[in-house]
Amino acid sequence: MRTSALLSGVLALILLLLVAVEWSPLLSFDRSVAEALHRNALAHPGFTHVNRVLTDWVWDPWTMRALAAATAVLLWWRRDRRAALWVAGTSLLAVGLQQALKDLVGRERPQWTDPVDSAHYAAFPSGHAMTATVTFGLLLWVLALHWREEWRGWGTLAGVAVVSVLGVGWTRVYLGVHWPSDVVEGWLLGWCCVTAAVFTYRWSERRGAPTGDSGDEGSGGSRMGERR
């Protein structure tokens, strides 16, 4: 997990720098992809409407945050308070990082004379892509901690997570409210947040193990450590 967190973080930093210096090959690629998809969106209004429903309701950041909050509440109810705090804390830190970078970079969204959708605030990184990556990544991690052996729908949920993370990125570019690099940065930063959270959680578990945690929370943490 540490390697994955470092790699995704480095790639996200490189992409951030390329956008900040307005590297022309990247900007040209962004523009060509965005223009091609915008033409397609105009030509297929029915499919465009489906994309709007998915991005504005199913994969909306507030839907994802509600799912993360429900996961944290469930963990707290199960007395796994450490994991609950990790889920809540990671989600909040991801929102803060996302908003800080938007303000720092201040990248303008694509502008169209005939838009099919609208969005506000800065473009980079994509909040939809980042929030979906963080939420589904944390959800899969929580399931691995508690229900790895019992959960029979693991493959199905993993497939839903992958489709959702990739799908929300697609909708943001297809609807003309983000550049492709905005979405890629959201994916990279989201994955970096998830893997860093998992790594620090495991580190804190190992650090706390010799002290002999007591109670339900401690025994839960011990069992989860054995499964990994």
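The notes below deal with the structure included here.

Conventions and cut-offs
Within each chain, residue numbers correspond to sequence positions counted from 1 in written order. Side-chain atom pairs in this predicted model are given and counted only at pLDDT of 80 or more, local residue features only at pLDDT of at least 70, and totals for whole chains, interfaces and linings cover all residues. No hydrogens and no water enter the side-chain calculation; it runs on all heavy atoms of the structure. Secondary structure is summarised from DSSP: a helix means a run of H or I of at least four residues, a strand means a run of E of at least two, and numbering begins at the N terminus for each. For a helix, the expected span equals 1.5 Å multiplied by the number of residues minus one. Here a residue-residue contact requires only that any non-hydrogen atoms of the pair lie within 4.5 Å. Whenever two N or O atoms come within 3.5 Å, that pair is a polar contact, provided that in protein one can donate a hydrogen and the other can accept it, and provided that, for residues adjacent in sequence, both atoms are side-chain atoms. With a 1 Å grid laid over protein atoms only, a set of points is called a cavity when a 1.4 Å probe fits there but cannot get out and a pocket when it is open yet has protein on both sides within 12 Å along at least five of seven lines; lining residues have an atom within 4 Å of a point. Grid points are joined across faces, edges and corners, and a volume is the space filled by probe spheres set on the points. Here the nonpolar group is Ala, Val, Leu, Ile, Met, Phe, Trp, Tyr, Cys and Pro; Asp, Glu, Lys and Arg are the charged ones; every other residue, Gly included, is treated as polar. Think of it this way: a Phe, Tyr or Trp ring, Trp meaning its six-membered ring, pairs with another when their centres are within 6.5 Å, and the plane angle makes it stacked under 30 degrees, edge-to-face over 60, tilted otherwise. Exposure classes here rest on a 1.4 Å probe applied to the protein chains alone. A residue is buried below 20% of its type maximum, exposed above 50%, and partly exposed in between. Throughout this description, the term salt bridge denotes a Lys or Arg side-chain nitrogen within 4 Å of a carboxyl oxygen of Asp or Glu. To form a nonpolar core, buried Ala, Val, Leu, Ile, Met, Phe, Trp, Tyr and Cys residues must be joined to one another through side-chain atoms within 4.5 Å.

## Topic: helix α4 (residues 61-77)
Line of reasoning, step 1. Look at α4: 24 Å from first C-alpha to last across 17 residues, which is about the 24 Å you get at 1.5 Å a residue.
Line of reasoning, step 2. Contacts made by the buried residues of α4 are with α3 (45-58), α5 (81-105) and α6 (127-146).
Line of reasoning, step 3. Regarding α4, its N-cap is Asp60, as a side-chain oxygen of that residue lies 2.9 Å from the backbone nitrogen of Trp62 further along.
Line of reasoning, step 4. Just past α4, the residue Arg79 takes up positive phi, approximately 70 degrees.

## Some details on the side chain of Thr90
Line of reasoning, step 1. Here Thr90 is to be found in helix α5.
Line of reasoning, step 2. Setting aside anything within four residues of it in sequence, one finds Thr90 in contact with Val134, Leu138, Cys193 and Ala197.

## Focus: the layout of surface pockets
Line of reasoning, step 1. Estimated volume of the largest pocket: approximately 370 Å³.
Line of reasoning, step 2. When residues of the lining of the largest pocket are traced back to their parent elements, those giving at least two are α6, α7 (154-174) and α8 (180-208).
Line of reasoning, step 3. Counting residues per element, the lining of the largest pocket draws most heavily on α6, which supplies seven residues.
Line of reasoning, step 4. For the lining of the largest pocket, a count of residues per class yields 15 nonpolar, two polar and three charged.

## Here's the deal with empty space enclosed by the protein
Line of reasoning, step 1. This structure, assessed with the given rule, holds one cavity of 30 Å³ or more.
Line of reasoning, step 2. Size it by volume and the largest cavity reaches roughly 70 Å³.
Line of reasoning, step 3. Met64, Arg65, Ala68, Ser91, Ala94, Val95, Gln98, Thr131, Val134 and Thr135 together form the lining of the largest cavity.
Line of reasoning, step 4. For the lining of the largest cavity, the element with the highest residue contribution is α5, accounting for four residues.
Line of reasoning, step 5. A per-class count over the lining of the largest cavity returns five nonpolar, four polar and one charged.

## Here we look at the environment of Arg172
Line of reasoning, step 1. Within the secondary structure, Arg172 is located in helix α7.
Line of reasoning, step 2. Measuring from C-alpha to C-alpha, the distance between Arg172 and Thr55 comes to 7.3 Å, with 117 residues separating the pair along the chain.
Line of reasoning, step 3. Excluding its chain neighbours within four sequence positions, the residues that come into contact with Arg172 are Thr55, Arg109, Ala119, Ser126, His128, Val177, His178 and Val183.

## Focus: the packing of aromatic side chains
Line of reasoning, step 1. Counted under the stated rule, the structure contains four aromatic pairs.
Line of reasoning, step 2. Between Trp86 and Tyr201 the ring centres are 5.5 Å apart and the planes differ by 85 degrees, which places this aromatic pair in the edge-to-face class. Taken as a pair, Trp86 in helix α5 and Tyr201 in helix α8 lie far apart in primary sequence, 115 residues in all.
Line of reasoning, step 3. Note on Trp86: relative accessible area 24%, which makes it partly exposed.

## Points about the pattern of salt bridges
Line of reasoning, step 1. This model, assessed by the stated rule, comprises four salt bridges.
Line of reasoning, step 2. Ionic pairing is found between Arg107 and Asp182, a salt bridge with its closest N-O pair at 2.7 Å. Placement of the pair is Arg107 in the loop between α5 and α6 and Asp182 in helix α8, with a sequence separation of 75 residues.
Line of reasoning, step 3. Salt bridges sharing common partners tie together Asp30, Arg107 and Asp182.

## Some points on α5
Line of reasoning, step 1. A rise of 1.5 Å per residue sets the reference length of α5, with its 25 residues, at 36 Å; its end C-alpha atoms lie 36 Å apart and thus fit the reference within 8%.
Line of reasoning, step 2. Inspection of α5 places Arg82, Ala83, Ala84, Val87, Thr90, Ser91, Ala94, Gln98, Leu101 and Lys102 among the buried residues, and these make up the whole buried set.
Line of reasoning, step 3. Looking one or two places after α5, you find Gly106, whose phi comes out positive at around 60 degrees.

## A look at the nonpolar core
Line of reasoning, step 1. If you look at the biggest cluster of nonpolar residues, it comprises 25 residues, and the most contacted ones within it are Leu15, Leu75, Val87, Val134, Leu138 and Trp141.
Line of reasoning, step 2. Looking at this core, the elements that each hand over two or more residues are α1 (2-20), α4, α5, α6 and α8.
Line of reasoning, step 3. With residues near it in sequence (within four places) discarded, Leu138 still touches Val87, Thr90, Ser91 and Val194.
Line of reasoning, step 4. Ala41, Val116, Ala129 and Tyr174 belong to the second-largest nonpolar core, a separate cluster that totals eight residues.

## As for the environment of Val73
Line of reasoning, step 1. With respect to the secondary-structure elements, Val73 resides in helix α4.
Line of reasoning, step 2. On the basis of relative accessibility, which here comes to 58%, the residue Val73 falls in the exposed class.
Line of reasoning, step 3. Linking Val73 and Leu85, residues 12 residues apart in sequence, is a C-alpha distance of 9.5 Å.

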